[in-house]
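A structural walkthrough
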Amino acid sequence: MTFDEKELINGCQAQDRAAQKRLYDVFGGKMYAISLRYTKNRDDAQDILQDAFIKVYEHIHSFRGESPLEFWIRSIVVNTALKHLKKQKNMVDLDEVYRTDKDIENAEQSLAGFQWQQLMEFIRELPAGCQTVFNLFAIEGYKHQEIAEMLNISEGTSKSQFARARTLLQQKLNKEHRFDNESIKRQS
Amino acid sequence: MNQSKDNLNEEWRKVFDKASETPPPDIWEGIERRLDERNRVPLAMPWWKKTQAWVAAASVLLALGAGAVLFMMNKGGDAGPEFREQVIASEHIETEAGAQDAPEGPAVAAREPGTPEKVQGERAPAVSRSEKQDKIRKGYPEQDAVLLAKSEPQAVKRDLHAEKPAESSPAVRGEAEESLLALDFIAPPEPREIDTYWQTRYVFFNPYAGKLVEEQPAKPEPGPLWAGLSLMPGGFNPNMQFSHESVYQMNNVVSTGYTAPGNQFSNIVGLNSNRATTDNRDQPKISFQGAAQVGFKLSKRWSIESGVAFLQGNSTSRSPGFFMDRTTHESADLLSNAMASGNANYSDATVHRLQLNSSDAGSSAVYIPMDKNMRNSYSYLQVPAYAGYTFRPEKQLSYTLLGGGITNFFLKNNLETASGYTLETTRENNVYNELNFSAAAGMRLNYRLSGAWNTSLTANYQYSLMNSFKSNRFLTSRPQVYGVSWGVRYTFQK
């Protein structure tokens, strides 16, 4: 924990509005990006961001500095997003099990050359269940068992949703690359 | 394969590790507002309405009472000087009585009869203050000795006489006290150790700190449903016009004796199209609309709302002129006659009051072109349906654009005629359409008073899409309503 961060936490614990604003300024952008990654539209992401920061300010006194502040805030944002998605019943398709296309699955694709905004749009275009599981597993780093507990689904469902998410993402990545290659050919 | 997948996941992770997008500015404003609401101190409840206050007061009184009782008891048992002197005096009296009963005893012989003061003077130092305090410390209060002495005076006397020499009365008394004090059944028990129980507490570390936060009960937040009341002062204009057809036919009245609106006039002198104008000359007067609404928030910005409203629309309508019988001087204005035409279903008495007698028609009737303002009021029951789009929804002051339609149910119309008679028209008179539709638009300023309560000012405009008259050949009416309503709204909690 840096000195500034400690000062920031102390200020937020004392409910100092300037410190709260600074905390928001420091982490708001990143957390907004996370909220966007879990939702389909910006209004929902903004609601999540707002709810999450209210929780952060209300529970900042329980933060002991055992992990970086950003991780702590991030976990609150992710949990708020999950709660929001559950409320909207966006994960109704989670129980469905999908078979994966082995050929596509094996064709691993590098992300080199893609902007994060572009990749985020790919993720947001995924079916809601796939989107959530992919975010939790691939990006947040949770295990399937943990995801199963968090989303109240089976571990197998989590795995199959993730597999489907990756298949769909591979297709999107391949398509983008194909367009790139075609455009290169046309240029040459 | 797995290694490859892990690498890909790592790649995704890295891509989003630094991902950041500036949120819209109104997010922080919303957070700030919610923080303010949570920090707002609730109004203090009067202390006499709080049960806790009464319980606390009762506890204090109880404690004070108990303290007073204990204090009094301690004061009595504190072996104060007066009380101790009384103890000594009472014992001395007992001893003296014993001496008188047994004059031959050595103790009595040694004592100087009739000198109790001296005896007292001798005994006083024998029971010094420090000794008494020692006894008290040992748990043998002096008053215990008094109680025992009173209950067994003879035994005390016997002991004193049998065992103690008469010269040593302080010693005798000391012995007697010792025997009394030996009764330790009234002594307080020795302190003993209380059993100590240990409880082991296990604390587990939960890595999902956010999840813990999640499970804490959240404060209620505004839900999507709201209900409200509003009152709108405004203007109502019935926009009543004589049709061109009526003007044409009125000309015919003059030339051909055509059936005039509402009655059979012929050869009416002075009626021409120049006077029977088609201009809208209605004047809106102050009108009111009271409404009860319910609304539902579809998203952060979009909402729908409906409800029920009562509209009292007041105006003045200007009749272009009136007919008058030159012989009887009875009159009937053109506007009310036009209203009573067609398939109107008024009672005969009403028709008679509105029109000249048919026998008066003809050369005796004359048209007098003279504008006259007549009060014209309408009552409608309205069922509006609006869609709204709200700007700055997170802020304390927001504004909403409204658009939609209103279903108007005609209830009543009162038209004051030129002769002073008020023509009341209801749904049964078959003059006005029972159902009419209006387009409506408005803009509302919302001010959030608290989490659940809002107040608003709404500028509203309604324009009828249909002619209000059912089958009138001479008149049309497309009412307009406009005004600014004030309302309160309660948002139900989630």
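Note: the structure precedes this text.
Read on for a plain summary of the structure. (Residues numbered from 1 in each chain as written. Chains lettered and ligands numbered in written order. Predicted model: local features only at pLDDT ≥ 70, side-chain atom pairs only at ≥ 80, totals over all residues. Heavy atoms only, no water.)

1. Re the overall build of chain A
In plain terms, the rule: Per the convention used, a helix needs a DSSP run of H or I reaching at least four residues, while a strand needs a run of E reaching at least two, with both numbered from the N terminus. Here the term buried applies to any residue with accessible area under 20% of the maximum for its type, exposed to any over 50%, and partly exposed to those in between, with areas from a 1.4 Å probe on protein chains only. Contacts: residue pairs with any heavy atoms within 4.5 Å of one another. Accessible surface is estimated by sampling points in the Shrake-Rupley manner with a 1.4 Å probe; for residues, cover comes only from the protein chains shown.
From N to C terminus, chain A includes nine helices and zero strands. Seen in sequence order, chain A has helices and strands lined up from the N terminus as α-α-α-α-α-α-α-α-α. Looking at chain A residue by residue over its 188 residues, the buried ones come to 53%. At a minimum sequence separation of 6, the contacts of chain A that also span at least 24 residues come to 72%. For chain A, the accessible surface area stands at approximately 9000 Å², while carbon and sulfur atoms represent 48% of it.

2. Points about the overall build of chain B
Along chain B, the regular secondary structure elements total 14 helices and 14 strands. Split into buried and exposed, the 494 residues of chain B put 39% on the buried side. Taking all contacts inside chain B whose residues are at least 6 apart in sequence as the whole, residues at least 24 apart take part in 74%. For chain B, the exposed surface amounts to about 28000 Å²; the carbon and sulfur share of it is 58%.

3. Thoughts on the interface of chain A and chain B
The line we're drawing: Using a 1.4 Å probe, buried area is obtained as the accessible area two parts lose upon being combined, added over both of them. The definition of a polar contact used here is a pair of N or O atoms within 3.5 Å, where within protein one atom must be able to donate a hydrogen and the other to accept one, and adjacent residues in sequence count solely through side-chain atom pairs.
The interface of chain A with chain B comprises 58 residues on the first partner and 41 residues on the second. Taken together, the two surfaces of chain A and chain B that pack against each other cover about 4500 Å², and 58% of this comes from carbon and sulfur. When the area that chain A buries against chain B is broken down by residue, the three leading residues are A:Arg17, A:Gln50 and A:Trp116, summing to 15%. Put simply, chain A and chain B have nine residue pairs in polar contact (both at pLDDT 80 or more) between them. For the side of chain A that touches chain B, the elements supplying multiple residues, two or more each, are helix 2 (17-38), helix 3 (42-59), helix 4 (69-87), helix 5 (102-106), helix 6 (116-124), helix 7 (128-139), helix 8 (144-151) and helix 9 (155-187) of chain A.

4. Quick word on the pairing of strand 11 (residues 435-448) of chain B
All names here are of chain B. We count it as follows: Being paired, for any two strands, means DSSP has found at least two bridges between them.
Burial of strand 11 is one-sided: the residues Asn-436, Ser-438, Ala-440, Gly-442, Arg-444, Asn-446 and Arg-448 facing one way are buried, the residues Leu-435, Phe-437, Ala-439, Ala-441, Met-443, Leu-445 and Tyr-447 facing the other way are not. Sheet analysis places strand 9 (residues 397-416) next to strand 11, joined by 13 bridges and oriented antiparallel. Bridged to Asn-408 within strand 11 is Asn-436. Where strand 11 lies against strand 12 (residues 453-464), 11 bridges are found, and the strand directions are antiparallel. The partner of Arg-448 across the bridge, within strand 12, is Asn-454. Joining the antiparallel neighbours strand 11 and strand 12 is a turn of four residues.

5. Side note on the nonpolar core
A general trend in soluble globular proteins is that nonpolar side chains are found buried together. As a reminder, the rule being used: To define a nonpolar core, start from buried Ala, Val, Leu, Ile, Met, Phe, Trp, Tyr and Cys residues and group those joined through side-chain atoms within 4.5 Å. Residue ranges for the domains trace back to a domain assignment, done automatically or taken from a database.
Judged by nonpolar contacts, the single largest core of 65 residues is most densely connected at A:Leu23, A:Phe134 and B:Trp12. Among the elements that make up this core, the one with the highest residue count is helix 2 of chain A (10 residues). Shared between two domains, this core takes at least three residues from each, and those domains are domain 1 (3-87) and domain 2 (92-187) of chain A. Apart from residues no more than four positions distant in its own chain, A:Leu23 is found in contact with A:Leu8, A:Cys12, A:Gly28, A:Phe53, A:Val56, A:Tyr57, A:Leu69 and A:Ile73. Ranked by size, the runner-up nonpolar core spans 23 residues in total, among them B:Met232, B:Met240, B:Phe242 and B:Tyr378.

6. Describing the side chain of B:Ser379
Residue and element names in this part refer to chain B. Note on placement: Ser-379 falls in strand 8 (residues 372-391). According to the relative accessible area criterion, Ser-379 is buried, its value standing at 8%. At 2.9 Å, the side chain of Ser-379 and the side chain of Gln-312 are in polar contact. Setting aside residues up to four positions removed in sequence, Ser-379 forms contacts with Phe-310, Leu-311, Gln-312, Phe-409, Phe-410, Leu-411 and Lys-412.

7. So, the pattern of salt bridges
For clarity, the threshold we go by: Should a side-chain nitrogen of Lys or Arg be within 4 Å of a carboxyl oxygen of Asp or Glu, the pair is scored as a salt bridge.
Counting across every chain of the model gives 18 salt bridges over all chains. A salt bridge links B:Asp36 to A:Arg17, with the nearest nitrogen and oxygen atoms 3.1 Å apart. Placement of B:Asp36 in helix 2 (residues 25-39) and of A:Arg17 in helix 2 is noted, with the two residues assigned to different chains. Exposure remark for A:Arg17: the relative accessible area of 22% places this residue in the partly exposed category. As a salt-bridge pair, A:Arg37 and A:Glu140 come within 3.2 Å of each other at their nearest N and O atoms. Residue A:Arg37 is found in helix 2, and its partner A:Glu140 is found in the loop between helix 7 and helix 8; the two are separated by 103 residues along the sequence. With a relative accessible area of 18%, A:Glu140 lands in the buried category.

8. Comments concerning the packing of aromatic side chains
What counts, and what does not: Under the pairing criterion, centres of Phe, Tyr and Trp rings, with the six-membered ring standing for Trp, must be within 6.5 Å; the plane angle then separates stacked pairs below 30 degrees from edge-to-face pairs above 60, leaving the rest tilted. We call a charge positioned above a ring when the Lys NZ or Arg CZ atom is no farther than 6 Å from the ring centre and deviates by at most 35 degrees from the ring normal.
With the rule as written, the count across this model stands at 22 aromatic pairs over all chains. Relative to A:Trp72, the ring of A:Phe63 has its centre 5.2 Å away and its plane inclined at 45°; by these criteria the two rings are tilted. The pair formed by A:Phe63 and A:Trp72 is uniform in burial state, with each residue classed as buried. The ring of B:Phe16 has A:Arg37 sitting right over it, with the charged end atom 5.2 Å from the ring centre. Sitting over the face of the ring of B:Trp226, B:Arg489 holds its NZ or CZ atom 3.9 Å from the ring centroid.

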